[in-house]
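Observations on chain architecture
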Amino acid sequence: MSKNVKQFKTEVQHLLDLMIHSLYSNKDIFLREIIANAADAIDKARFEALTNKDINADWKVRIEIDKENNAIKVIDNGIGMTDEEVVDNIGTIAKSGTKAFMKAMEESSEADLPELIGQFGVGFYSSFMVADKVELVTRKVGETADKAVKWTSNGKESYELENVNKSEHGTTVTIFLNKEFSVYTEEYKIKTIIKKYSDYIEYPIEMPITKLDEEDEGKEIVADEIINSQKAIWLRNPSDVTEEEYRNFFEHLAHFGEPLRTMHYVAEGKTEFKALLYLPKTAPMQFYAPDPDARKHGLHLYVKRVFITDECKELIPEYLRFVKGVVDSSDLPLNVSREILQENALLGKIQSNVVRKILSELKKTKNNSFDEYYEFFKEFGKTLKEGIATDNANREKLQELLIFESMNTDATKMISFADYVQAMPESQKEIYYITGESRNMLENSPHLEQLKSKGYDVLFMTDPIDEWVVQHIHNYADKKLQAVGKGEIDLGDTAEVEEQNKEATEKHKTLLEYLQKTLDVKVKEVRFSKRLTDSACCLVADQYDPSAQMERIFKAMNQDLPESKRILELNANHPLVDALQGLYDANNENPVLGEYAEMIYDQAVLTEGGIINDPLKFTQRVSNLMVLGAKNKK
Ligand code: ADP
């Protein structure tokens, strides 16, 4: 291959532009990113070496400062890249979906830069924050010396590829610094950055350091020194690890944000392993994106300090995918392949232990620091709720962790099932909930009227996933969960209302029959309600039919739920009932009656936030009524 100039993909150009003109103050992180890439590359080579005896090296990262050229070199003897891989990895942003990246970039500000760098796997480009030119020479493990590739770019529109020779496998990145950033050719500066960000990297990070030789009259000598302590943080004694070290390591794993809780422990007994797990404070931008890449989950797995994979799904269930961390097992065989991992029973045992630990940490946080838990739940509650449907064994524990808004609590607060039950008046028998799009819409639901007047609270379930959650939890503390918009609800002492409804049903028998007949295609039944105090009517679902919210969710997903007719409930105390009865008794063929029947139905649909079938017809009817009303007023 002779010299070959290639254009960067548009998104890379955008990104580079952002990097070059970045005012982001913490430029030091470029070195952290380049060293992290070097260590990852060694991880991969070392993993290959487990099954291929030909691969062997004194694994390390080396930093060299070249003051003359105002440059710094990061050298690794890791896996290296073929020329195709260089084009794929360094010329494009392949991983997390270009579209998502472009969007995030457009919406982002300077402050978001580290997040962008971390989340989209664009660490390499961060070197352009400080560089005028970057050169990368790489040789893939298993390739011959003459198959190495040199990549060069000034970070503008294009990069250059050239075939070169390289005696060892691995990669050398040379960053030619902008003169403004020559501070990165100072030994002390590089040392400080490595200590701060890369201390736990398990391979030695070696650098020639200039010293004064005390034995030889203070003559300057240069000798290689290992800068990092290399102590895998998870293998250290928790009492020896500082908060800052934990935080830095979290950043290394999560690429952004801060940990809310850190769990660092040794599991003994059936299986022995060391774990360092983090609950993050905030969800990264792409956490809820539909992009499957953004749903990646897993912990880093090490076997006796040897890196195996950074995405071990068998260690943690998907609904806990917000957890970051490392597990180091001494019981797994070292030559474990990724395929074997899927079938290993030991991993299942580790997973149960890890899940237990996480759920108990969450419980502790909820009980002892509710405000923090509330913030956490707003970020990750949706994900946690998936566990209710998927993790039978831990469903009860998970149920304890759920919190919801409720009718009687402020909009900025949430309560748990335990809080709810504790506040229940004695006469209340069931736990009431209502599902819908927003608190605003639910607060005004006619379904709540009777409950309000009795002082009962109602949980507001406003996440679409809540519809599925309630299908998996039928009760809490022996109290049944009851949707307020479903079935015949038992409000406790309701003898009076029942008596009233019985009388009304007899008195308005003909009207009920008429409405039932007229609305037959739409409703299953017309009856008097135990729920209403003020509104004239509402729609309820039969106990086992899907709720209105469930139907809306399915529609939004373009999926049809089999039509299920609902029940129209009327308020026996509302003057509308007597008025309609009067109209019916006067002339049961009056066409206005049919119009009114349709309007009652549409009203009920509107009050629950639904969309009526024929809005034009509805408004025509309302206008007609207004005309009538206005005439009568004269
Ligand atoms: P990330 O490391 O987050 O994936 P980068 O932009 O830093 O994103 O790197 C992109 C890809 O380039 C890496 O995933 C890796 O495949 C490759 N790469 C970068 N540096 C090296 C290196 N020193 N050795 C081998 N491959 C590398």
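Conventions and cut-offs
Residues numbered from 1 in each chain as written. Predicted model: local features only at pLDDT ≥ 70, side-chain atom pairs only at ≥ 80, totals over all residues. Heavy atoms only, no water. Helix = DSSP H or I, 4+ residues; strand = E, 2+ residues; numbered from the N terminus. Rg over C-alpha atoms; globule rule 2.2 N^0.38 Å. Buried < 20%, exposed > 50% of the residue type's maximum accessible area, 1.4 Å probe, protein only. Areas by Shrake-Rupley, 256 points an atom, 1.4 Å probe, with all protein chains shown as cover. Salt bridge = Lys/Arg side-chain N within 4 Å of Asp/Glu carboxyl O. Domains from an automatic or database assignment. Axes fitted to C-alpha atoms, helices over the stretch in contact; angles between N-to-C directions. Parallel < 35°, antiparallel > 145°, perpendicular 65-115°, else oblique. Left-handed = near helix turned anticlockwise from the far one by under 90°. Contact = heavy atoms within 4.5 Å. Nonpolar A, V, L, I, M, F, W, Y, C, P; charged D, E, K, R; others polar. Arc of directions from axis to C-beta. Pairing = 2+ DSSP bridges. Patch = residues over 30% accessible without salt bridge, like charges linked within 9 Å, V, L, I, M, F, W, Y side chains within 5 Å. Lys, Arg positive; Asp, Glu negative; His and termini not counted. Charge placed at Lys NZ, Arg CZ, Asp CG, Glu CD. Phe/Tyr/Trp six-rings, centres within 6.5 Å; stacked < 30°, edge-to-face > 60°. Lys NZ or Arg CZ within 6 Å of the ring centre and 35° of its normal.

1. A short note on the overall build of the protein chain
Broken down by element type, the protein chain carries 21 helices and 23 strands. Over its C-alpha atoms the protein chain spans a radius of gyration of 33 Å, topping by over 25% the 26 Å that the globule rule assigns to 634 residues. Counting only C-alpha atoms and orienting by the principal axes, one finds that the protein chain spans roughly 115 × 55 × 45 Å. Within the protein chain, the fraction of its 634 residues that count as buried is 51%. Surface exposure of the protein chain reaches about 31,200 Å², of which carbon and sulfur atoms provide 48%.

2. Some words on the pattern of salt bridges
Per the counting criterion, the structure on display carries 42 salt bridges. Notably, a salt bridge pairs Lys-507 with Asp-578, separated by 3.5 Å at the nearest N-O pair. In this pair, Lys-507 sits in helix H16 (residues 495-507) while Asp-578 sits in helix H19 (residues 575-586), placing the two residues 71 residues apart along the sequence. Owing to a relative accessible area of 54%, Lys-507 belongs among the exposed residues under this scheme. The class for Asp-578 is partly exposed, based on a relative accessible area of 44%. Connected through shared salt-bridge partners, Asp-58, Lys-60, Arg-62, Glu-64, Glu-206 and Asp-224 make up one network.

3. What about the domain arrangement of the protein chain?
Looking at the protein chain, the domain boundaries give domain 1 (4-226), domain 2 (233-365) and domain 3 (502-541 + 563-633). Each of domain 2 and domain 3 has a C-alpha centre, and the two are 58 Å apart.

4. Overview of the packing of H19 against helix H20 (residues 591-607)
Running from N to C, H19 and H20 cross one another at 155 degrees; their axes reach a closest spacing of 10 Å. With respect to their mutual orientation, H19 and H20 come out roughly antiparallel. Every pair of crossing elements has a handedness; the one defined by H19 and H20 is left-handed. Here H19 contributes Leu-576, Leu-580, Leu-583 and Tyr-584 to the contact with H20, which in turn contributes Val-592, Leu-593, Tyr-596 and Ile-600. Class assignment for the residues of the contact of H19 with H20 results in eight nonpolar, no polar and no charged.

5. Comments concerning helix H6 (residues 187-197)
Buried within H6 are the following residues: Lys-189, Ile-190, Ile-193, Ile-194 and Tyr-197. Looking straight down H6, one finds that the buried residues subtend no more than 130 degrees of arc, so they occupy a single side. Where H6 is buried, its residues touch helix H2 (29-49), strand S2 (61-66), strand S3 (71-76), strand S8 (205-213) and helix H7 (243-254).

6. Some thoughts on the sheet that holds strand S12 (residues 299-303)
Spatial strand order, S10-S11-S14-S12-S13: five strands in an open sheet with mixed pairing. The sheet is open, and its two edges are formed by strand S10 (259-267) and strand S13 (306-312), each paired on a single side. Each strand axis lies, on average, 15 degrees off the axis of its neighbour in the sheet, ignoring direction. As defined by bridge partners, S12 adjoins strand S14 (residues 324-329) across four bridges and the pair is classed as parallel. Looking at the pairing, His-300 lines up with Val-326 of S14. Contacts between H7 and the sheet are confined to S10, strand S11 (273-280), S12 and S14, with S11 contributing the most and set at about 80 degrees to the helix. Lying on the sheet, helix H9 (residues 345-368) is in contact with S10, S11, S12, S13 and S14; it crosses S10 at an angle near 135 degrees.

7. Notes on a positive patch on the surface
A cluster of basic residues, Lys-270, Lys-349, Arg-356, Lys-363 and Lys-397, forms a positive patch at the surface. When residues in the positive patch are grouped by element, the largest group, three residues, is from H9. The exposure class assigned to Lys-270 is exposed, which follows from its relative accessible area of 76%.

8. Details of the environment of Met-207
Along the chain, Met-207 turns up in strand S8. Looking at Met-207, the relative accessible area reads 0%, which means it is buried. Separated by 142 residues in the primary sequence, Met-207 and Ile-65 place their C-alpha atoms 8.4 Å from one another. Those residues in contact with Met-207, other than ones at most four positions away along the chain, are Ile-63, Ile-65, Glu-187, Ile-190, Lys-191, Ala-223, Asp-224, Glu-225 and Ile-227.

9. Quick notes on the packing of aromatic side chains
Counted according to the given criterion, the structure contains 20 aromatic pairs. Positioned over the ring face of Phe-176 is Lys-133, at 4.7 Å from the centre of the ring. Cation over ring: Lys-357 sits above Tyr-265, and NZ or CZ is 4.6 Å from the ring centre.

10. With respect to the sheet that holds strand S16 (residues 415-416)
Strands sit in the order S16-S15-S18-S17-S20-S19 across an open sheet of six strands; the sheet is mixed. Either end of the sheet is taken by a strand with one partner, and the two such strands are S16 and strand S19 (475-476). Sheet analysis places strand S15 (residues 403-406) next to S16, joined by two bridges and oriented antiparallel. If you follow Phe-404 over to S16, its bridge partner there is Ile-415.

11. Examining the pairing of S12
In terms of burial, S12 is a largely internal element, five of the five residues being buried. Linkage of S12 to S13, two consecutive antiparallel strands, is achieved through a turn of two residues, within which Lys-304 is found at a positive phi near 45 degrees.

12. Here we look at the packing of helix H17 (residues 509-518) against H19
Two elements in contact, H17 and H19, have axes whose closest approach is 9 Å; the angle formed by their N-to-C orientations is 85 degrees. Classified by the interaxial angle, the pair formed by H17 and H19 is roughly perpendicular. The segment H17 lies against H19, with Thr-510, Leu-511 and Tyr-514 engaging Val-577, Leu-580, Gln-581, Tyr-584 and Asp-585. Classifying every residue of the contact of H17 with H19 gives five nonpolar, two polar and one charged.

13. Quick word on helix H1 (residues 10-20)
Buried within H1 we find Glu-11, Val-12, Leu-15, Leu-16 and Met-19. Taken end-on, H1 shows its buried residues confined to a sector of 135 degrees, consistent with a single buried face.

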